[in-house]
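# Coordinate inspection notes
Listed below, chain by chain, are the residues.
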Amino acid sequence: MNWTPDSMPGLTGKAAVVTGANSGIGMPTALELAKHGAHVVVAARSPERGKATVAQIQRDVPGAQVEYGHLDLADLASVREFAAGVGTVDLLINNAGVLTGARQETKDGFEMQFGTNHLGHFALTGLLLPKLLARPGARVVTVSSDAHAAGKLDFDNLDLKHGYGRFSAYGRSKLANLLFMLELKRRAEKAGADLISVATHPGVTATNIVKLGPFQFLMGIFMKSAAAGAVPSLYAATSPDIRGGEFIGPKLKRLTPSQAARSEELAGRLWNVSTELTGVTFNEIAYS
Ligand SMILES: NC(=O)c1ccc[n+]([C@@H]2O[C@H](COP(=O)([O-])OP(=O)(O)OC[C@H]3O[C@@H](n4cnc5c(N)ncnc54)[C@H](OP(=O)(O)O)[C@@H]3O)[C@@H](O)[C@H]2O)c1
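Before going into details, it helps to say that this report is about the structure given with it.

About the cut-offs
- Residues numbered from 1 in each chain as written.
- Predicted model: local features only at pLDDT ≥ 70, side-chain atom pairs only at ≥ 80, totals over all residues.
- Heavy atoms only, no water.
- Salt bridge = Lys/Arg side-chain N within 4 Å of Asp/Glu carboxyl O.
- Buried < 20%, exposed > 50% of the residue type's maximum accessible area, 1.4 Å probe, protein only.
- Helix = DSSP H or I, 4+ residues; strand = E, 2+ residues; numbered from the N terminus.
- Contact = heavy atoms within 4.5 Å.
- Axes fitted to C-alpha atoms, helices over the stretch in contact; angles between N-to-C directions.
- Parallel < 35°, antiparallel > 145°, perpendicular 65-115°, else oblique.
- Nonpolar A, V, L, I, M, F, W, Y, C, P; charged D, E, K, R; others polar.
- Near = heavy atom within 4 Å.
- Areas by Shrake-Rupley, 256 points an atom, 1.4 Å probe, with all protein chains shown as cover.
- Pairing = 2+ DSSP bridges.
- Polar contact = N/O pair within 3.5 Å; in protein donor to acceptor, adjacent residues only side chain to side chain.
- Left-handed = near helix turned anticlockwise from the far one by under 90°.

Counted under the stated rule, the structure contains 10 salt bridges. For D159, the salt bridge goes to K161, with nearest N and O atoms at 4.0 Å. With a relative accessible area of 31%, D159 lands in the partly exposed category. One connected set of salt bridges, linked through shared partners, spans E183, R186 and R187.

The structure is reproduced here in structure tokens:
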């Protein structure tokens, strides 16, 4: 498709939150949104890296409306504090992600990849929902991956204390991202809410998540730049052609989520478990 970030509409008057905006795909996502006039919150867990990104965007885009917001998705108290401090939000880009080697836990005791990539974003979206619903045409873009296809959800082993593998844990978290995106779409639709929920797979992109993993030798050979990796997110966040529930991949192709990701039963179960684990209820779009 012949679409580039230059095709984006003007975003003056829109407010965006980009998680993990201090590096990789999140950085050019935040930069382009700011370039097109959006007010952008660079949501990052490191004040140093987050503020450096704000300064970089201000250098690249004179007059950019961009600010740092402290957000550690691996800490639900931090997610709550961050969400409470957000003013208005039209575009929420759930972009941050981790691929940890050895098994780790979040501050609240969840397996790190599931806790950060899924539960942190689940809680953030639910806490920002009233603010999103106050804005016409609000969108939630959840960055998943084609790695979701290898993911399996075993509700009896959610903490992965048995049989942890970094790629299976990553695939599971990316499957959860897609199940969440589709369930959010169904619930928003049923409630008649003006909200688009959409997901992306950026394609294999040369970023830290890859640099720190076993495929680093491929960096710069087969991998696209972070700016190219941000294109599906930018398209999903701003194109008038987007419909809720779509999964946008490289070259902006509509991808088909795996059979597990399309399971409404699995999505409903994950939603209920995520609500129990985070205490975030999405009352505005709850099934009655
Ligand atoms: N690169 C690829 O090939 C590829 C392919 C498919 C999908 N993806 C997805 O793309 C998204 C962006 O990743 P990337 O490739 O740009 O990798 P990246 O450069 O490692 O960026 C990940 C971002 O997430 C942030 N983050 C990690 N843990 C966090 C936490 N607890 N709280 C807040 N922020 C946190 C990181 O912050 P720090 O700088 O502090 O670590 C960083 O800003 C991820 O969801 C990833 O799963 C990437």
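Alright, that's what it looks like, and here's the rest.
Most of helix α1 (residues 26-35) is tucked away: 9 of the 10 residues are buried. If you check which residues of α1 are buried, you get G26, M27, P28, T29, A30, L31, E32, L33 and A34. In this structure, the buried residues of α1 make contact with β1 (15-19), β2 (39-44), α2 (47-60), β4 (91-94), α7 (226-229) and α8 (231-238).

The next point concerns the packing of helix α4 (residues 112-133) against helix α9 (residues 264-278). How two helices sit against one another is set out by the angle between their axes and by the gap between those axes. Taken N-terminus to C-terminus, the directions of α4 and α9 make an angle of 85°; their axes are 10 Å apart at the nearest point. The orientation of α4 with respect to α9, classified from their angle, is roughly perpendicular. Contact residues: F114, H118, L119, F122 and A123 in α4; L270, W271, S274, T275, L277 and T278 in α9. When grouped by side-chain class, the residues that make up the contact of α4 with α9 number 7 nonpolar, 4 polar and no charged.

Around the ligand, a shell composed of 30 residues is seen, among which R45, R49, N95, Y170 and T207 lie nearest. Computed on the free molecule, the ligand has an accessible area of 900 Å², of which 94% lies beneath the protein chains in the complex. Elements with a minimum of two residues in the shell around the ligand: α5 (166-190) and α6 (208-211). Examining the composition of the shell around the ligand, we find that 3 residues originate from one element, α6, more than from any other.

Moving on: the sheet that holds strand β3 (residues 66-70). An order of β3-β2-β1-β4-β5-β6-β7 is seen for the 7 strands of this open sheet, with the pairing classed as parallel. Across the chains shown, the open sheet's two edge strands, defined by having one partner strand only, are β3 and β7 (247-248). Bridge count between strand β6 (residues 195-200) and β7: 2 bridges; the pairing is parallel. The partner of T200 across the bridge, within β7, is I248. Here helix α3 (residues 76-85) sits on the sheet in contact with β1, β2 and β3, set at roughly 145° to β3. Against the sheet, α5 touches β4, β5 (138-143), β6 and β7, its axis set at about 160° to β6.

Our focus in this paragraph is the pairing of β1. Judged by how many residues are buried, β1 sits mostly within the fold: 5 of 5 residues are covered. Residues of β1 alternate between two faces, with A15, V17 and T19 on one and A16 and V18 on the opposite face, all of them buried. Taken together, the 5 bridges between β1 and β2 define a ladder with parallel strand orientation. Pairing of T19 across the sheet is with A43, part of β2. Here β1 pairs with β4 via 3 bridges, running parallel.

Take the side chain of T278 next. Structurally, the position occupied by T278 is in helix α9. Classification of T278 as buried rests on a relative accessible area of 7%. A distance of 2.7 Å separates a polar side-chain atom of T278 from the backbone oxygen of S274. Setting aside anything within four residues of it in sequence, one finds T278 in contact with L76, R80, L119, F122 and A123.

Moving on, we get to the packing of α4 against α5. Axis separation between α4 and α5 bottoms out at 7 Å; the angle between their running directions is 20°. With respect to their mutual orientation, α4 and α5 come out roughly parallel. The hand of the α4/α5 crossing is right-handed. Contacts between α4 and α5 involve Q113, F114, N117, H118, F122 and T125 from the former and R166, A169, Y170, R172, S173, K174, A176, N177, F180 and L184 from the latter. Tallied by class, the residues present in the contact of α4 with α5 amount to 7 nonpolar, 6 polar and 3 charged.

What follows deals with unusual backbone geometry. Its identity is not glycine, yet L160 carries a phi of approximately 50°, on the positive side. Residue position: L160 is located in the loop between β5 and α5. Looking at L160, the relative accessible area reads 10%, which means it is buried. One non-glycine residue, L252, adopts positive backbone phi at about 60°.

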